[in-house]
Amino acid sequence: MDKQEIIAKINAFLVDEFEVDADAIEPDANLKDTLGLDSLDYVDLVVSIDSNFGVKLVEVDFAGVASFQSFYDLIENKLMAKNA
């Protein structure tokens, strides 16, 4: 799965599951603010990533994640590590 496929898949489930406007999803936009995430939403996000990509995220993974781009990079890196 290449980077564009990862981004498309992430954006699709964010629109469907988090009811965010697709136009609001920009690489430099703040992930938490755009999605309106609270602590329970992070749990839903972790479950969604696991079900869509088969990778587990833990709290520490989100330490450097502020933008959608950093979130895409996190998922790409987790997938690469999983498939290595």
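Bear in mind that the values here come from a model prediction, so they are computed numbers and not experimental data.

A. View of the nonpolar core. Within the largest apolar cluster, 25 residues are counted, with the highest numbers of intra-cluster contacts made by Ile10, Leu14, Phe53, Phe71 and Ile75. Counting residues per element, the ones that place at least two in this core are helix H1 (3-18), helix H2 (31-35), helix H3 (39-53) and helix H4 (68-83). The contact partners of Phe53, leaving out residues within four places of it in the chain, are Met1, Ile6, Lys9, Ile10, Phe13, Ile75, Leu79 and Lys82.

B. Region of the structure containing the pattern of salt bridges. By the definition in use, this model includes 4 salt bridges. Among the ionic pairs, Lys3 bridges to Asp73, the shortest N-O distance being 2.3 Å. Remark: Asp73 occurs in helix H4 and Lys3 occurs in helix H1; sequence separation between them is 70 residues. One salt bridge connects Lys3 with Glu76, and the closest N-O pair in it is separated by 2.9 Å. A residue pair is termed long-range when its members are at least 10 positions apart, and Lys3 in helix H1 and Glu76 in helix H4 qualify at 73 residues. One network of salt bridges, with partners in common, ties together Lys3, Asp73 and Glu76.

C. Structural detail: the packing of H1 against H3. Orientation of H1 relative to H3, taken along the N-to-C sense of each, is 135°, at an axis distance of 11 Å. Between H1 and H3, the interaxial angle falls into the category oblique. Crossing geometry of H1 relative to H3 is assigned as right-handed. Contacts from Ile6, Lys9, Ile10, Phe13, Leu14, Glu17 and Phe18 of H1 reach H3 at Asp41, Asp44, Leu45, Ser48, Ile49, Asn52 and Phe53. Looking at the contact of H1 with H3, its residues break down into 8 nonpolar, 2 polar and 4 charged.

D. Fine view of the packing of aromatic side chains. Applying the stated criterion to the full structure yields 3 aromatic pairs. Taken together, a centroid distance of 6.3 Å and an interplanar angle of 15° make the contact between Phe62 and Phe71 stacked. The exposure class of Phe62 is buried, given its relative accessible area of 13%. Overall, Phe71 belongs to the buried group, its relative accessible area being 0%. Relative to Tyr72, the ring of Phe68 has its centre 6.4 Å away and its plane inclined at 40°; by these criteria the two rings are tilted.

E. Representation of a negative patch on the surface. A contiguous patch of negative charge on the surface is contributed by Asp16, Glu17, Asp38 and Asp44. Within the secondary structure layout, Asp38 lies in the loop between H2 and H3. Judged by relative accessible area, Asp38 falls into the partly exposed class, the value being 40%.

What counts and how
- Residues numbered from 1 in each chain as written.
- Predicted model: local features only at pLDDT ≥ 70, side-chain atom pairs only at ≥ 80, totals over all residues.
- Heavy atoms only, no water.
- Core = buried A, V, L, I, M, F, W, Y, C linked by side-chain atoms within 4.5 Å.
- Buried < 20%, exposed > 50% of the residue type's maximum accessible area, 1.4 Å probe, protein only.
- Helix = DSSP H or I, 4+ residues; strand = E, 2+ residues; numbered from the N terminus.
- Contact = heavy atoms within 4.5 Å.
- Salt bridge = Lys/Arg side-chain N within 4 Å of Asp/Glu carboxyl O.
- Axes fitted to C-alpha atoms, helices over the stretch in contact; angles between N-to-C directions.
- Parallel < 35°, antiparallel > 145°, perpendicular 65-115°, else oblique.
- Left-handed = near helix turned anticlockwise from the far one by under 90°.
- Nonpolar A, V, L, I, M, F, W, Y, C, P; charged D, E, K, R; others polar.
- Phe/Tyr/Trp six-rings, centres within 6.5 Å; stacked < 30°, edge-to-face > 60°.
- Patch = residues over 30% accessible without salt bridge, like charges linked within 9 Å, V, L, I, M, F, W, Y side chains within 5 Å.
- Areas by Shrake-Rupley, 256 points an atom, 1.4 Å probe, with all protein chains shown as cover.
- Lys, Arg positive; Asp, Glu negative; His and termini not counted.
- Charge placed at Lys NZ, Arg CZ, Asp CG, Glu CD.

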